[in-house]
Amino acid sequence: MSLLLDNQFKELPPDRAVDTKLFLESVSHIPSFFDCLGSNVFSVIKSDINGNIVKIKAVYLKDPARYVTLQDIVEAERDAHPAEWPKVGATLALMWLKRGLRFIQILLQSLADGERDENNPNLIRVNVTKAYEEALKKYHGWLVQKIFHVALHAAPYKSNFLKALSKGEEVKEEECLANVRQFLVTYTATVDAVYDMYSHLNAELDYTV
Ligand code: 03F
């Protein structure tokens, strides 16, 4: 079975508001995936992603009826902390979480589109590099870019990566990529909706870490 299709993101309503509870449920499956990638460098990434999920969840649980959508949280923090916002609380956590989600989206899309290094067809470095350049690089100073290069060289082979996405079962590459394509439909729609919400509310920052 496919890990991705077991944990598919939900379809958005017509107004594209992202339901907080459903979003948190869907993203909560991502951190454990890093355990099957087999290098310690991925534990840094795992804890960053997990930390952001925990921060958003903590705010949500304070008042689930008030924070039905992610936008409800971001707007409530804007009103409560006008001086620090958007560099505060769940707004900041989601700002970074969405960049990691965009990275994953671009990586999976690039694999699904068959983009590859013809000389090394079983490496995913071209796909990982594309995702990094489009989703994260501009927010990283030289030190974090160095961590990226370490992670890039620890990246699994494509066959192992696709096997991990298939819960350790040997499946044909095409079968797995078909699942990836199906997963990407609601996943991409959700990530796009969060990005559009940040741009609409003027909540995006471009400082580097
Ligand atoms: C800022 C920043 N977070 C943090 O400082 C950096 C952490 C290390 C990032 C290293 C880059 C690695 C790139 C990935 C290479 C992967 C190779 C993949 C091989 C498969 C923020 O942190 C905090 O988050 C925020 O809470 C805090 O308050 O300024 C704020 C304060 O700082 C980031 O740059 C976010 C990094 C997200 C990286 C996501 C990478 C995902 C990698 C692999 C995905 C595999 C696919 C999984 C599919 C599973 C589907 C179920």
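Residues numbered from 1 in each chain as written. Predicted model: local features only at pLDDT ≥ 70, side-chain atom pairs only at ≥ 80, totals over all residues. Heavy atoms only, no water.

Here the UniProt feature "domain: Glycolipid transfer protein" (unreviewed entry) sits at residues 18–166. For the annotated span residues 18–166, helix accounts for 68% and strand for 0% of the residues, and the straight-line distance between the end C-alpha atoms is 27 Å. (UniProt positions renumbered as here; feature names shortened; annotations may be inferred. Helix = DSSP H or I, 4+ residues; strand = E, 2+ residues; numbered from the N terminus.)

Right, let's talk about the nonpolar core for a bit. Judged by nonpolar contacts, the single largest core of 64 residues is most densely connected at Phe-23, Ile-56, Leu-94, Phe-103, Phe-161 and Leu-165. Looking at this core element by element, the count peaks at 13 residues for helix H6 (residues 89–112). For Leu-94, the residues in contact, after removing those within four places along its chain, are Phe-23, Ile-56, Leu-70, Val-74, Val-194, Met-197 and Tyr-198. (Core = buried A, V, L, I, M, F, W, Y, C linked by side-chain atoms within 4.5 Å. Buried < 20%, exposed > 50% of the residue type's maximum accessible area, 1.4 Å probe, protein only. Contact = heavy atoms within 4.5 Å.)

So, about the state of the cysteines. A full pass over the atoms with the stated rule returns zero disulfides. Cys-36 provides the cysteine sulfur closest to Cys-176, a residue in no disulfide bond, and the two sulfurs are 12 Å apart. (Disulfide = S-S within 2.5 Å.)

The subject of this paragraph is the site of the ligand. Contacts to the ligand come from 24 residues, most closely from Asp-48, Asn-52, Lys-55, His-140 and Tyr-207. Between Asp-48 and the ligand, the recorded distance is 2.9 Å, taken from a side-chain N or O atom to an oxygen atom. Here Asn-52 contributes a side-chain N or O atom positioned 2.5 Å from an oxygen atom of the ligand. Protein chains bury 90% of the 1,100 Å² of accessible surface belonging to the ligand in isolation. The site holding the ligand turns out to be the largest pocket. The set of elements that each furnish at least two residues to the shell around the ligand consists of helix H3 (30–33), helix H4 (41–62), H6 and helix H8 (142–154). At six residues, H4 tops the list of elements feeding residues into the shell around the ligand. Its residues placed into classes, the shell around the ligand shows 19 nonpolar, three polar and two charged. (Near = heavy atom within 4 Å. Polar contact = N/O pair within 3.5 Å; in protein donor to acceptor, adjacent residues only side chain to side chain. Areas by Shrake-Rupley, 256 points an atom, 1.4 Å probe, with all protein chains shown as cover. 1 Å grid on protein atoms, 1.4 Å probe; cavity = no way out; pocket = protein on both sides within 12 Å on 5 of 7 lines; lining within 4 Å. Sits in = over half its atoms within 2 Å of the grid points. Nonpolar A, V, L, I, M, F, W, Y, C, P; charged D, E, K, R; others polar.)

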